[in-house]
Amino acid sequence: MIYGRGLLGKMIKSALTSFLLATAAVQASPALTERHLENARSNDAYTLPKSDRNPRARAAAIEVKRKGWQYSEYPMGVAYYPTGTLANKTIAKDQETWLPPILKISEATTRESPIALEAIKAKGGFKKLEDYANLYDGQWEEAFPGGPFEGMLTNFTDDRMFSMMRLSASPYRLKRVKPSDKLPFLVHNAADITGISLDKLQAQGRLFLEDFSEMKELDPTDKFGAGCQAYFYIHPKSGDFLPLAVRPIVKGRENSALVYTPKDTENDWMLAKMLMNQNDGWHTTWAHITQSHSAAEAPYLAAIRTLSDNHPVLAMINRIEKTPWNIRPLLEDGVQSGAGPDAGPQYYAWTSLSGRQWANQVYSSGETANFQANYYRTFLENNGLINCRYGPALKSFPFYEDASVIVEAIRDVMTAFVNSYYPNDNAVAKDPELQAWQRETDVAKVYDFPKSIKTRRTLVDILTHQAYLGGIVHGVMSTNGAIGDTTSLPFAPAGFRQPIPTKKGVKDLMAFMPTPEGAVWQVVTYAAANRAMWRDTNETISYMFEDETMLNKMNPVTYQAAKSFKAKMDAFSKEVRARTFDKDGLSRGMPFMWNVLDPNWAPYWSVV
Ligand SMILES: *[C@@H]1O[C@H](CO)[C@@H](O)[C@H](O)[C@H]1NC(C)=O
Ligand SMILES: *[C@@H]1O[C@H](CO)[C@@H](O)[C@H](O)[C@H]1NC(C)=O
Ligand SMILES: *[C@@H]1O[C@H](CO)[C@@H](O)[C@H](O)[C@H]1NC(C)=O
Ligand SMILES: [Fe+2]
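Residues numbered from 1 in each chain as written. Chains lettered and ligands numbered in written order. Predicted model: local features only at pLDDT ≥ 70, side-chain atom pairs only at ≥ 80, totals over all residues. Heavy atoms only, no water.

Next up on the list: the overall build of the protein. Scanning the protein from terminus to terminus reveals 20 helices and six strands. In terms of overall size, the protein behaves like a compact globule, its C-alpha atoms giving a radius of gyration of 24 Å where 608 residues would be expected to give roughly 25 Å. By principal-axis analysis of the C-alpha atoms, the protein measures approximately 75 × 55 × 45 Å. Burial analysis of the protein (608 residues in total) assigns 62% to the buried set. (Helix = DSSP H or I, 4+ residues; strand = E, 2+ residues; numbered from the N terminus. Rg over C-alpha atoms; globule rule 2.2 N^0.38 Å. Buried < 20%, exposed > 50% of the residue type's maximum accessible area, 1.4 Å probe, protein only.)

Turning our attention to the UniProt feature "domain: Lipoxygenase" (unreviewed entry) in the protein. Within this numbering scheme, the UniProt entry marks residues 207–608 as carrying the feature "domain: Lipoxygenase" (unreviewed entry). From the first C-alpha to the last, residues 207–608 spans 36 Å; its make-up is 46% helix and 5% strand. (UniProt positions renumbered as here; feature names shortened; annotations may be inferred.)

Let's shift gears to the packing of aromatic side chains. Counted by the stated rule, this structure contains 33 aromatic pairs. Measuring from centroid to centroid gives 5.1 Å for tyrosine 71 and tyrosine 80, while their planes differ by 40°, and the two rings are tilted. One residue, lysine 566, lies across the ring of tyrosine 543, its end atom 4.6 Å from the ring centre. (Phe/Tyr/Trp six-rings, centres within 6.5 Å; stacked < 30°, edge-to-face > 60°. Lys NZ or Arg CZ within 6 Å of the ring centre and 35° of its normal.)

Attention shifts here to the nonpolar core. By size, the foremost hydrophobic cluster in this structure holds 178 residues, and its most contacted members are Phe399 and Trp437. Leave out the neighbours within four places in its chain, and phenylalanine 399 touches Leu167, Ser168, Pro171, Tyr172, Phe379, Leu380, Ser404, Tyr468, Ile472, Val476 and Trp594. Of all hydrophobic cores here, the second largest spans 16 residues; its members include Ala190, Ile193, Leu207 and Leu244. (Core = buried A, V, L, I, M, F, W, Y, C linked by side-chain atoms within 4.5 Å. Contact = heavy atoms within 4.5 Å.)

Within the structure shown, the criterion is met by 41 salt bridges. Arginine 166 is paired through a salt bridge with glutamate 210; the nearest N and O atoms lie 3.0 Å apart. With arginine 166 in the loop between helix H6 (159–165) and strand E3 (174–176) and glutamate 210 in strand E4 (residues 207–211), this residue pair connects regions lying 44 residues apart in the sequence. Like arginine 166, the residue glutamate 210 is buried in the burial classification. (Salt bridge = Lys/Arg side-chain N within 4 Å of Asp/Glu carboxyl O.)

Ligand 3 sits among Gly151, Thr154, Asn155, Asp158, Phe581, Asp584, Gly585 and Pro591. At a separation of 2.4 Å, an oxygen atom of ligand 3 approaches a polar side-chain atom of asparagine 155. Considered on its own, ligand 3 offers 360 Å² of accessible surface; in the complex 63% of this is hidden by protein. Taken together, the residues of the shell around ligand 3 break down into two nonpolar, four polar and two charged. (Near = heavy atom within 4 Å. Polar contact = N/O pair within 3.5 Å; in protein donor to acceptor, adjacent residues only side chain to side chain. Areas by Shrake-Rupley, 256 points an atom, 1.4 Å probe, with all protein chains shown as cover. Nonpolar A, V, L, I, M, F, W, Y, C, P; charged D, E, K, R; others polar.)

Let us now look at the site of ligand 2. Around ligand 2, the surrounding shell consists of Arg319, Asn538 and Glu546. The contact in question runs from an oxygen atom of ligand 2 to an N or O atom on the side chain of asparagine 538, over 2.2 Å. Expressed as a share of its isolated accessible area of 360 Å², the protein-covered part of ligand 2 is 28%.

Okay, the environment of leucine 434 next. By the element assignment, leucine 434 lies in helix H16 (residues 432–443). You can call leucine 434 buried: its relative accessible area is 0%. When the C-alpha atoms of leucine 434 and asparagine 134 are compared, they prove to be 54 Å apart, with 300 residues separating the residues in sequence. When residues no more than four places from it in sequence are discounted, the contact partners of leucine 434 are Leu307, His311, Val313, Tyr422, Val428, Ile453 and Leu459.

As a further point, take the coordination of the iron ion (ligand 4). Tetrahedral coordination by four donors places them ideally at 109.5 degrees to one another around the metal; octahedral coordination by six donors ideally gives 90 or 180 degrees. The iron ion (ligand 4) binds to the protein through His288 (NE2), His293 (NE2), His474 (NE2) and Val608 (O), with metal-donor distances spanning 1.9 to 2.1 Å. Taken together, the four donor atoms surrounding the iron ion (ligand 4) define angles of 91 to 152° at the centre, an arrangement classified as irregular. Every donor residue of the iron ion (ligand 4) comes from the same chain, spaced as H-x4-H-x180-H-x133-V. Residue class for histidine 288 comes out buried when judged on its relative accessible area of 1%. (Donors = N, O, S within 2.8 Å, 3.2 Å for Na, K, Ca; no water. Tetrahedral: all angles 85-135°; square planar, octahedral: opposite > 155°, others 65-115°.)

A few words on the packing of helix H14 (residues 398–421) against helix H17 (residues 456–477). Remark: H14 packs on H17, axes separated minimally by 9 Å, with the N-to-C direction vectors making an angle of 140°. Considered as vectors, H14 and H17 are oriented oblique to each other. Judged by the sense of rotation from one axis to the other, the crossing of H14 with H17 is right-handed. In this structure, H14 contributes Phe399, Ala403, Ile406, Val407, Ile410, Arg411, Met414, Thr415, Phe417, Val418 and Asn419 to the contact, and H17 contributes Arg456, Leu459, Val460, Asp461, Leu463, Thr464, Ala467, Tyr468, Ile472 and Val476. Partitioned by chemical class, the residues of the contact of H14 with H17 number 15 nonpolar, three polar and three charged. (Axes fitted to C-alpha atoms, helices over the stretch in contact; angles between N-to-C directions. Parallel < 35°, antiparallel > 145°, perpendicular 65-115°, else oblique. Left-handed = near helix turned anticlockwise from the far one by under 90°.)

Okay, the confidence of the model for the protein next. Parts of the prediction with low pLDDT should not have their coordinates interpreted in detail. Overall, the predicted model of the protein reaches an average pLDDT of 93, with 93% of residues at or above 70. Overall, residues 1–32 carries pLDDT values under 50, and its contacts beyond four positions in sequence, including any with other chains, amount to 70 contacts. (pLDDT = per-residue confidence, 0-100.)

With that settled, consider helix H18 (residues 516–527). Under the 1.5 Å per step criterion, the end-to-end length of H18 is 16 Å for 12 residues, consistent within 8% with the ideal 16 Å. Burial analysis of H18 places 11 of its 12 residues in the buried class, which makes it a mostly covered element. All of the buried residues in H18 are Pro516, Gly518, Ala519, Val520, Trp521, Gln522, Val523, Val524, Thr525, Tyr526 and Ala527. (Expected span 1.5 Å × (residues − 1).)

Moving on, we get to the environment of threonine 368. In this structure, threonine 368 sits in the loop between helix H12 (352–364) and helix H13 (376–382). Once the C-alpha coordinates of threonine 368 and glutamine 291 are considered, the two residues, 77 residues apart in sequence, prove to be 4.5 Å apart. Apart from residues lying up to four places away in sequence, threonine 368 is in contact with Ala287, Thr290, Gln291, Ala295, Val362, Tyr363 and Asn374. At 2.6 Å, the side chain of threonine 368 forms a polar contact with the side chain of threonine 290. At 3.1 Å, the side chain of threonine 368 and the backbone oxygen of valine 362 are in polar contact.

Moving on, we get to the environment of asparagine 419. With respect to the helices and strands, the residue asparagine 419 is situated in helix H14. Distance in space between the C-alpha atoms of asparagine 419 and glutamate 539 is 27 Å, their sequence separation being 120 residues.

Running from N to C, helix H9 (residues 266–304) and H17 cross one another at 165°; their axes reach a closest spacing of 10 Å. On the basis of their axis angle, the class for H9 and H17 is roughly antiparallel. Helix-helix and strand crossings are classified by hand; for H9 and H17 the assignment is left-handed. In this structure, H9 contributes His283, Thr284, Ala287, His288, Gln291, Ser292, His293, Ala295, Ala296, Pro299 and Tyr300 to the contact, and H17 contributes Gln466, Leu469, Val473, His474 and Met477. When the residues that make up the contact of H9 with H17 are grouped by side-chain class, the tally is eight nonpolar, eight polar and no charged.

Let's shift gears to helix H11 (residues 327–339). Its 13 residues place the ends of H11 18 Å apart at the C-alpha level, agreeing with the 18 Å of an ideal helix rising 1.5 Å per residue. Most of H11 sits out of view: 10 of its 13 residues are buried. When H11 is considered as a whole, its buried residues turn out to be Ile327, Arg328, Pro329, Leu330, Leu331, Glu332, Gly334, Val335, Ser337 and Gly338.

It is worth spelling out the pairing of strand E5 (residues 227–234) at this point. Extensive coverage of E5 is indicated by the burial of eight of its eight residues. Of the strand pairs in this sheet, E4 and E5 are connected by five bridges, and their pairing is antiparallel. In the sheet register, leucine 207 faces E5, and the bridge partner there is tyrosine 233. The loop that links E5 with its antiparallel partner strand E6 (residues 241–249) comprises six residues; one of these, glycine 239, has a positive phi angle of about 75°. (Pairing = 2+ DSSP bridges.)

Right under this line is the structure:
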């Protein structure tokens with residue numbers, strides 16, 4: 001999400017008001033055939049096409065759906081957006097449940113932000129980085145209770161904070177460097193820092209790169225940022241995952257880009273790390289739109305157009321894809337008002353229009369859109385982060401450790417579900433609606449969707465990934481995740497008030513840092529997605545399948561699998577909540593507590 005922009009929520013309100021009016025106008029009366037479709041819905045169990053007692057009515061109903069759910073382009077870009085009488089009705093109806101929590105948060109930030117601002121000023125403003133604790137301390141009781149994750153406000157000078165954020169909060173752009181890769185830059189004092197030369201680190205598969213250099217091309221506001229490249233490494237002796245260097249690149253100054261390392265002065269190194277964090281904050285903000293939302297919406301729209309509402313697979317997807325269509329209008333509204341002449345002070349380093357363009361770039365390149373390449377194990381393997389053959393394993397990998405527990409539990413449900421409806425692969429291959437879905441994903445421009453759905457395994461993979469996109473990717477990159485780590489202050493400013501230095505020796509770090517107004521804006525912006533107040537409610541991952549109406553229409557095996565998932569997630573939540581800092585002040589090797597994927601805290605769907 002990106003819409004906490006502008007003057008502390010004032011504009012959110014007007015944006016939402018106009019959006020409300022737009023959807024009210026949409027509720028045109030449905031055609032007669034569509035009313036038939038609705039009457040046909042009943043409490044009958046879901047069925048595969050071959051066991052439907054009235055296949056002609058079923059086929060006719062799908063035809064009605066195809067007419068009522070059409071593809072359209074959307075100003076926001078990325079995947080197709082649904083339009084048509086049925087689509088518009090669903091979008092309007094979804095709005096009734098989707099919007100109230102957003103309005104509630106918006107109301108809370110409007111109320112709480114002047115109080116937070118006052119408190120910061122009363123405590124003398126921001127004079128050193130530690131003072132940003134006052135941004136959160138005792139504030140945001142409703143909008144952001146608890147503040148950034150434990151450790152973020154106190155341990156940010158610890159290099160392991162910087163490096164381990166890449167193995168938890170933002171694992172998506174990190175790659176292990178291959179022995180054969182050409183290095184984007186050199187670090188002459190690498191051996192002083194790591195004990196061995198850069199060449200050796202690379203040859204031993206200990207070197208990692210996170211490259212955001214393309215961000216130097218984005219359209220600047222009156223704030224500043226750079227496109228950064230950073231090296232990390234596995235220490236030859238301790239095995240710790242640590243930062244080696246950051247290279248901030250500014251357009252037009254590429255050849256004189258400075259390379260910062262932990263050997264630089266405290267100020268210089270801190271600034272370099274924050275420049276990199278700013279990139280990650282931008283990435284999480286804009287890439288998540290395509291990486292979680294669009295990547296899931298595209299196959300979903302194709303499924304709506306091809307699977308009967310009585311098909312158990314569509315019922316399952318309907319449950320996972322909760323109210324997805326209201327998000328893009330709000331985002332587009334945010335982009336437009338962020339670009340408007342009365343947008344108010346800019347706090348991002350780059351314009352909202354270039355954010356939209358960049359989001360479309362990472363989507364159309366396939367990076368965030370490719371379906372199979374983003375299966376979590378596949379992308380982690382492709383990036384050399386798990387099962388690497390040319391380098392040592394990571395000692396601690398919190399993202400993978402938590403995500404794998406949840407995703408494998410989801411896979412267990414999907415396996416039980418698919419195997420109980422389809423006795424063998426042949427039954428999958430012979431399901432005409434599934435086959436139509438697969439063909440439709442071409443029309444819907446789903447990138448890298450499986451070329452065929454001929455096995456139960458393929459279907460399990462698809463459904464598991466679909467659930468992963470909403471529950472895990474969105475949870476980590478947005479919802480309760482980003483606001484507590486990759487977009488929290490002081491370590492991750494959204495933009496800088498001073499130009500990127502041309503030489504080392506920064507004297508006054510605070511001149512770069514957000515003002516109290518800018519800091520409050522940053523909380524407001526990211527609080528819009530935060531749903532910490534849904535802790536222990538049925539919106540969380542534990543409840544992913546806990547819809548009694550749906551489950552009662554499924555077969556008993558699926559019902560049981562859903563119950564067993566709930567029990568597994570409750571047990572995992574207990575484990576997560578029992579985590580503490582060890583005697584070295586670390587949790588899983590990290591100087592902060594990363595419990596974003598607590599399944600009784602993280603929502604199961606891509607909320608906003
Ligand atoms: C659906 O909504 C869109 C956007 O408001 C509108 O352009 C379109 O005409 C609507 N279609 C129907 C059939 O109501
Ligand atoms: C979730 O909980 C709310 C409030 O307790 C309830 O109204 C709603 O029906 C529940 N949803 C499902 C799908 O069970
Ligand atoms: C990190 O912060 C926590 C909580 O403030 C503290 O208990 C822990 O000792 C810190 N760890 C390090 C390595 O400083
Ligand atoms: Fe989102």
